[in-house]
Amino acid sequence: MEIATSKVNIPIPELLIRLERNHNTIQRLSRKLNSYTCEPNNYSCFEKFYELKQGFQNFTGKQKQLVNQLKSAGKSEIGSLEAELKRHTEMFRKLEQDMAAYLLDTNKYV
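Visitor: Describe the packing of helix H2 (residues 12-34) against helix H3 (residues 43-72), and please don't skip the residues or the numbers.
Guide: With their axes 10 Å apart at the nearest point, H2 and H3 run at an angle of 160° to one another. Of the possible angle classes, the one that applies to H2 and H3 is roughly antiparallel. Both H2 and H3 take part in a crossing whose hand is left-handed. Residues Ile12, Leu15, Leu16, Leu19, Glu20, Asn22, His23, Ile26, Leu29, Ser30, Leu33 and Asn34 of H2 form the contact with H3, whose participating residues are Phe49, Leu52, Lys53, Phe56, Phe59, Thr60, Gln63, Leu66, Val67, Leu70 and Lys71. Here the residues of the contact of H2 with H3 are counted per class, giving 14 nonpolar, six polar and three charged.

Below is the structure:
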């Protein structure tokens, strides 16, 4: 999504598709987190588990808000959403990294 935030002339449907892909990835990670195979096994894992669940919920809420703004925005208004799209992309990357770290901490892939 770096390209989407560096150029204002990206079509809205393309931005929506990128947001939808990120959302699908987060949903998949959330289902994985809620499965019995990713149960926390110590206190620090419980804390990370809770933080991840909160992060997924925050991401989903922000996702819905951004999609609604993009759908209602005209071509000239996309520039004003640039900073929000960049923050949302960073949030997505951080959640992916945190989930990978959690899986390694719970020894699911070692």
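Back to the write-up after that little detour.
Visitor: Account for the side chain of threonine 89, with residues named and values stated.
Guide: Mapped onto the fold, threonine 89 is located in helix H4 (residues 82-105). Polar contacts involving the side chain of threonine 89 include one to the main-chain carbonyl oxygen of leucine 85, which spans 2.9 Å.

Visitor: Tell me about the packing of aromatic side chains, residues and numbers included.
Guide: The geometry of an aromatic ring pair is captured by the separation of the ring centres together with the interplanar angle, meaning the angle of the planes. Applying the stated criterion across every chain, the model contains two aromatic pairs. Seen from their ring centres, phenylalanine 49 and tyrosine 102 are 6.3 Å apart, and the 40° between their planes marks the pair as tilted. Taken as a pair, phenylalanine 49 in helix H3 and tyrosine 102 in helix H4 lie far apart in primary sequence, 53 residues in all. Accessibility expressed as a relative area gives 0% for tyrosine 102, which makes it buried. Relative to phenylalanine 92, the ring of phenylalanine 59 has its centre 6.1 Å away and its plane inclined at 40°; by these criteria the two rings are tilted. Within this pair, whereas phenylalanine 59 is found in helix H3, its partner phenylalanine 92 is found in helix H4, the two being separated by 33 residues in sequence. Grouping residues by exposure puts phenylalanine 59 and phenylalanine 92 together as buried.

Visitor: Summarise the pattern of salt bridges; cite the residues concerned and give the values.
Guide: In the structure shown here, the tally under the stated rule is five salt bridges. The partner of aspartate 105 in a salt bridge is lysine 48, and the shortest N-O contact between them spans 2.1 Å. Taken together, the residues aspartate 105 in helix H4 and lysine 48 in helix H3 connect sequence positions 57 residues apart. The class for aspartate 105 is partly exposed, based on a relative accessible area of 33%. Linking glutamate 84 and lysine 62 is a salt bridge whose minimum nitrogen-to-oxygen distance equals 3.1 Å. Linking glutamate 84 in helix H4 with lysine 62 in helix H3, this pair joins segments that are 22 residues apart in sequence.

Scoring rules and cut-offs
- Residues numbered from 1 in each chain as written.
- Predicted model: local features only at pLDDT ≥ 70, side-chain atom pairs only at ≥ 80, totals over all residues.
- Heavy atoms only, no water.
- Axes fitted to C-alpha atoms, helices over the stretch in contact; angles between N-to-C directions.
- Helix = DSSP H or I, 4+ residues; strand = E, 2+ residues; numbered from the N terminus.
- Parallel < 35°, antiparallel > 145°, perpendicular 65-115°, else oblique.
- Left-handed = near helix turned anticlockwise from the far one by under 90°.
- Contact = heavy atoms within 4.5 Å.
- Nonpolar A, V, L, I, M, F, W, Y, C, P; charged D, E, K, R; others polar.
- Polar contact = N/O pair within 3.5 Å; in protein donor to acceptor, adjacent residues only side chain to side chain.
- Phe/Tyr/Trp six-rings, centres within 6.5 Å; stacked < 30°, edge-to-face > 60°.
- Buried < 20%, exposed > 50% of the residue type's maximum accessible area, 1.4 Å probe, protein only.
- Salt bridge = Lys/Arg side-chain N within 4 Å of Asp/Glu carboxyl O.

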